[in-house]
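# Summary of the model geometry
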Amino acid sequence: GGGNMGRRQSAGRNRGGGGGGGSDWDRGSQMPRENRGRGGGGGRGDGGANDWQRGKAPPPPRPVAGRGGRGGRGGRGGRHNQNDPFPDDDFDPLVRNANRWVPSKDNSVMAKVEKQVKGLLNKITKEKFDRLAGQLCDIQIKSYDMLTLMIRLVYEKAIGEPTFSDMYANLCYQLSQRVKKSPFIQVIQSDEDPMAEPGAEYNYDEGGSASFRWSNDVSTSDAEILGPFESEDQCIDVALGNDDTDPTQRGEMELTLHRLLIKRGNFIKIMRSGDGQFYMVCFPLSQAEECGQQLSTKIFTSEIECQNDATKMNTFKRSLLNKCEDEFNKQDIYKDWKEEMKEYKKLKATLSESEQKEREEELEFRRMKIKKQMLGNIKFIGELYKLGMLKEKIMRFCIQSLLKLEEAEGAGYLQFKNVEDDEMDEEDHEALCNLFITIGSTIDNPKAAPYMQAYFQKIHVLGEDKSLSSRSRFAYQDLIDMRSKGWKLRRKVETAKTLEEIRKEAEREERMQQQQSQQNNYGGRGGGGRGRGGGRGGDKGGYRGGRGGGDYRNDNRESGGRRDNRGYDNQYDNRGGGRGSRNDRNDGGGGRGNYGYSPNRGPPPMPSSRMAPPPVAPKILSAPGGRSGGEQFSKEKIEIRAKNMRDEFMNEGRDEKELLLTMDENLGGNEKAGNIIVQLYADKSMDCKAPERKAMIDILVILYKAGKLTKSDIEGPMADMAEFIDSFVVDSPGAIGFLGEMLAPFLDMKVLDIKWLCEKTALLMNKKDQKEVIHKAILETKKACGDGSARAVFGGPNEVKALEQLLGAGEFQSIAAQCL
């Protein structure tokens, strides 16, 4: 760096020089302390010298306070005057003050509960609902404020996420079942006159019977208290004014509630400390509201009556009802927004364009927020009603408020009239429709028929009102149509799903797409003619094609079709079903089929550029009927799929439709797939639990009835199991009974008969095993299908003859006497 600087002396002022050092500095020695500065002389600020040469001491710095530029190793120039010495290094280190600021956490009970509830609500999903709802229910509610806090947090979450309203309503239902008793309720003994008129002058009777009030907000954390006192009586004397005592600060003292009473117009709260001392808080009863003390307005004559009323008024369900009422009445907030909008329109001409845009965006944001809260609130209230949390009377009040209706007095029968201010907002129309969509099927019952008739009379009028927007009119018309169809929705409403439900839904859609693709590939676009000829034409040779009766099994064997070098079937094969020529239409069916040609007419025409390319075959293909085509599954793969099919059947509520779709996929083009599945289930039935065995039997019965399994699929594996049942008994003593369970439904459906059963049982070497097989088969058939079915299967003349030949007349008659 120094050499370069020496060669560029002429650039001192323009590009900056370097060290910015003092006058006594020599190369290789330490720079004097007093000449240390923030940066080099440098750059355009003349921070360095112009005539410095290698080997000489730097010139003294110029006493110019100016901003230095960047130059060489001097770094950045600065505003600092380089003649000023650096501060001395010998300074005292910073000392932490005892009163320094430190971050603190709010460790109050309410803050902890709020944090815990918010954390659980943020994590809750339909998949985790049971576990997290249980944790919310386990939170101990120690005060009424804590109860209202929990309700407020759940309510805000519900109206903010209307898609999950049903889940949050279910959460409220569970909380209401768990929080039925409130430990924070306190019954207060009083000497007040319970028969006095409300607001009358205080009256008490020393010798009279006690009366009672209740409170849900009694705390022992008062900042100022009176005491200490030696006894409870001393506390009462001070409270009644017989002794003067100045209040003291409670500080960190832990106190427990000892007694509550109202005496001579004074509220007295007596508490005790850990050392047995008494402390007290008191104030005139007329100042209870001013002091923040909640008390019941009603005075009760018995403690039990008071306790029951307190429990009823402070349950989770009652508090939630109060919250719903408050939130519903908050719809008046929209009126405030309207007033602000009118004020803005008056002042709009005086505002600039940017101010107008900002104000309009703010008003629109507020409007959307109010609308979202209103619609979310309406949906949540409806979900609560469907769970029985709210009464029908409350829902009628909500509907009438939105419709601007009120019951006419003195009519002698149910009659409604419009309220004075009957103007409905756009949001009222939408909220009303959403409410009926949510609760329509529940509230539209015979008892509510007069109300529903009145409601829908006005809805019919609104649906034809041209002054309303098209959106609102169409919404009302859809609502009328939905009611006429039994409240069946026109389109499926998306609700919260578990990950497992989403996965199964995706798999179901994929299977249906594959089946549709298979039908298109095998059936073509042929029409539905009554004859075997599928499309409009085809030649007279009787080739079958199209969807109208075509035989897909002969596509490759009879069509004479060709494959191109990519392995696709040529579209111009002999399946028939196409338009054909005019001379060949006499055999045609209805509709359009695949384009075809007659082998007697020479080679097919070349495909046009507008024709679609041949479809790509999916990975899993099975022709309608499920026996051929597509990828060939191995035995191992089919067995794995069969196990999964059994598990899904058990876990999905035994969904037969889903089972049949899964079976179509499991066949995988393997003609032996059915036999493999039956064989696997037969083997598994010997060493599985009863529910699994029952599920496998039900699966086989459903698949056989649906035509997915054949008689030969059933006979082979069952024959092996019956023939070698004696070897199964060695490892599973109940194997013969399990065999009877497997045979029973198929004997009842005539898939297997007694002649077949006797032939297979005769292969057993042990006569005792033969008798046991027949005995268990009769018992299980009787158990599964009933006495009549058992007698029909085993009691016919031919059946009895075959069984007597197998076991002997005496042995079989003995079994028949016991079982038939």
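This is a predicted model, so every value here is computed, not measured.

So, about the overall build of the chain. Within the chain, the secondary structure is distributed over 29 helices and eleven strands. Relative to its full complement of 820 residues, the chain shows a buried share of 38%. For the chain, the computed accessible surface area is about 48500 Å², with 47% contributed by carbon and sulfur atoms.

What follows is about the nonpolar core. Counting residues in hydrophobic clusters, the biggest one holds 78 residues, and the most contacted among them are L171, L320, L384, I399, F436, Y455 and F456. Sorting elements by how many residues they give to this core places helix α5 (residues 144–160) first, with ten residues. Contact partners of F436, with chain neighbours within four places excluded, come to I399, M452, Y455, F456, I459, L479 and W487. The next biggest cluster of nonpolar side chains, apart from the first, holds 60 residues, and it includes F649, M742, V751 and L752.

Pairing of strand β3 (residues 186–190) with strand β7 (residues 255–263), which is carried by two bridges, proceeds in the parallel orientation. Across the sheet, the residue bridging to S190 is I262, located in β7. In terms of strand pairing, β7 meets strand β8 (residues 266–273) through eight bridges, oriented antiparallel. When the bridges of β8 are listed, K263 appears paired with N266. Where β7 folds back onto β8 in an antiparallel hairpin, the turn is made up of two residues, including R264, whose phi is positive at roughly 50 degrees.

A separate point is the sheet that holds strand β4 (residues 211–215). Spatial strand order, β4-β3-β7-β8-β9-β5-β6: seven strands in an open sheet with mixed pairing. At either margin of the open sheet sits one strand with a lone partner, and together these are β4 and β6 (248–249). Lying over the sheet, helix α8 (residues 303–313) contacts β3 and β4, oriented at roughly 20 degrees with respect to β4.

Taken residue by residue, helix α29 (residues 809–819) has F812, I815, A816 and C819 as its buried positions. Each buried residue of α29 sits inside an arc of 100 degrees when the element is viewed along its axis, so together they form one side. Among the exposed residues of α29, those oriented more than 90 degrees off its buried face are G810, A817 and Q818. In the core, the buried residues of α29 are packed alongside α26 (767–785), α27 (787–794) and α28 (797–807).

Let's shift gears to the packing of α5 against helix α11 (residues 353–386). Where α5 contacts α11, the axes come no closer than 7 Å and their chain directions differ by 110 degrees. What the angle tells us is that α5 and α11 run roughly perpendicular. For the pair formed by α5 and α11, the contact residues are Y155, A158, I159 and G160 on the first element and K372, Q373, G376, N377, F380 and I381 on the second. Of the residues contributing to the contact of α5 with α11, the split by class is five nonpolar, four polar and one charged.

A word on the pattern of salt bridges. Within this structure, the stated rule accounts for 27 salt bridges. Between E383 and K386 there is a salt bridge whose closest N-O contact spans 3.7 Å. Separated by three residues within a single helix, E383 and K386 lie in helix α11, roughly one turn from each other. On the accessibility criterion, E383 (10% relative accessible area) is buried. Given the relative accessible area of 40%, K386 is considered partly exposed. A salt bridge links D444 to R483, with the shortest nitrogen-to-oxygen separation between them at 3.0 Å. Taken together, the positions of D444 in the loop between α13 (426–443) and α14 (449–463) and R483 in helix α15 (residues 470–484) put the pair 39 residues apart, joining distant regions of the chain. Exposure remark for D444: the relative accessible area of 24% places this residue in the partly exposed category. A network of salt bridges, in which partner residues are shared, links E340, R359, E362 and R366.

Once that is clear, we can look at the packing of α5 against helix α9 (residues 316–329). What describes two packed helices is the angle between their axes and the distance between those same axes. The contact between α5 and α9 brings their axes to 10 Å, and the two run at 55 degrees. Considering the angle they form, α5 stands oblique to α9. Between α5 and α9 the crossing geometry is right-handed. Packed against α5, whose contacting residues are Y144, L147, I151, R152 and Y155, the element α9 presents F316, S319, L320, K323, C324 and E327 at the interface. For the contact of α5 with α9, the residue count by class is seven nonpolar, one polar and three charged.

Tracing the sequence through the fold places S190 in strand β3. Accessibility expressed as a relative area gives 3% for S190, which makes it buried. In this structure the side chain of S190 is engaged in a polar contact, spanning 2.8 Å, whose partner is the side chain of E192. If we skip the residues at most four places from it in the chain, S190 touches A210, S211 and I262.

The side chains of a regular strand alternate, first on one face of the sheet and then on the other. Alignment of β3 against β4, held across five bridges, turns out to be antiparallel. Across the sheet, residue S190 finds its bridge partner in β4, namely S211.

One pass over the full model with this rule turns up seven aromatic pairs. When the centroid spacing of 6.2 Å and the interplanar angle of 10 degrees are considered together, the rings of F436 and W487 count as stacked. Highlighted residues: F436 in helix α13 and W487 in the loop between α15 and α16 (499–523), separated in sequence by 51 residues. Across the pair, exposure class does not vary: F436 and W487 are buried alike. Arranged with centres 6.1 Å apart and planes meeting at 70 degrees, the rings of F456 and W487 form a pair that is edge-to-face. Here the residue F456 occupies a position in helix α14, and W487 occupies one in the loop between α15 and α16, the gap between them amounting to 31 residues. Across the pair, exposure class does not vary: F456 and W487 are buried alike. An aromatic cluster of three or more residues is present, and its members are F436, F456 and W487.

Mapping S211 onto the fold places it in strand β4. Given the relative accessible area of 0%, S211 is considered buried.

A surface patch of negative charge is lined by D683, D687, D720 and D731. Locating D687 in the fold gives a position in the loop between α20 (673–684) and α21 (690–705). With relative accessibility at 62%, the residue D687 sits in the exposed group.

Take α21 next. Since the α-helix turns once every 3.6 residues, residues separated by three or four places project in the same direction. Spanning 16 residues, α21 covers 23 Å between terminal C-alpha atoms, matching the ideal 22 Å at 1.5 Å per step. Along α21, the residues that are buried comprise R693, A695, M696, I697, I699, L700, V701, I702 and L703. Just downstream of α21, G707 is the residue with a positive phi angle, here 80 degrees.

Calculation criteria
Sequence order sets the numbering: in each chain, residues are counted from 1 along the sequence as written. Local features in this predicted model are restricted to residues whose pLDDT is 70 or higher, and side-chain atom pairs enter the listing and the counts only when it is 80 or higher, whereas totals over whole chains, interfaces and linings include all residues. Neither water nor hydrogens contribute to the side-chain values; these are computed over all heavy atoms in the structure. A helix here means a DSSP run of H or I that spans at least four residues, while a strand means a run of E at least two residues long, and both kinds are numbered starting from the N terminus. We call a residue buried when its accessible area falls under 20% of the maximum for its residue type, exposed when it is over 50%, and partly exposed in between, using a 1.4 Å probe and counting protein chains only. With residues, only the protein chains shown are counted as cover, and all accessible areas are computed by Shrake-Rupley using a 1.4 Å probe. Residues belong to one nonpolar core when they are buried, are Ala, Val, Leu, Ile, Met, Phe, Trp, Tyr or Cys, and are joined through side-chain atoms within 4.5 Å. Residues are treated as being in contact if the distance between any of their heavy atoms lies within 4.5 Å. Here a strand pair is declared whenever DSSP counts at least two bridges between the two strands. To obtain each axis, a line is fitted to C-alpha atoms, and for helices this fit is confined to the stretch in contact; angles are then taken between N-to-C directions over 0 to 180 degrees. Taking the helix axis as origin, the arc is that swept by the directions to the C-beta atoms. Roughly parallel means an angle under 35 degrees; roughly antiparallel, over 145; roughly perpendicular, 65 to 115; everything else is oblique. Any residue that is not Ala, Val, Leu, Ile, Met, Phe, Trp, Tyr, Cys, Pro, Asp, Glu, Lys or Arg is counted as polar, Gly included; the first ten are nonpolar and the last four charged. Salt bridge, as applied in this entry: a Lys or Arg side-chain nitrogen positioned within 4 Å of an Asp or Glu carboxyl oxygen. The sense of a crossing depends on the near helix, which, turned anticlockwise from the far helix by less than a right angle, makes the crossing left-handed and, turned clockwise, makes it right-handed. The definition of a polar contact used here is a pair of N or O atoms within 3.5 Å, where within protein one atom must be able to donate a hydrogen and the other to accept one, and adjacent residues in sequence count solely through side-chain atom pairs. The criterion for an aromatic pair is that two Phe, Tyr or Trp rings (for Trp, the six-membered ring) have centres within 6.5 Å, with stacked assigned to planes under 30 degrees apart, edge-to-face to planes over 60 apart and tilted to the rest. Surface patches are defined over residues having more than 30% relative accessible area and no salt bridge, joining like charges when they lie within 9 Å and nonpolar side chains (Val, Leu, Ile, Met, Phe, Trp, Tyr) when within 5 Å. This count recognises Lys and Arg as positive and Asp and Glu as negative, with His and chain-terminal groups excluded. Where a charge sits is defined by one atom per residue type, namely NZ (Lys), CZ (Arg), CG (Asp) or CD (Glu). By this rule the span expected of a helix is its residue count minus one, scaled by 1.5 Å.

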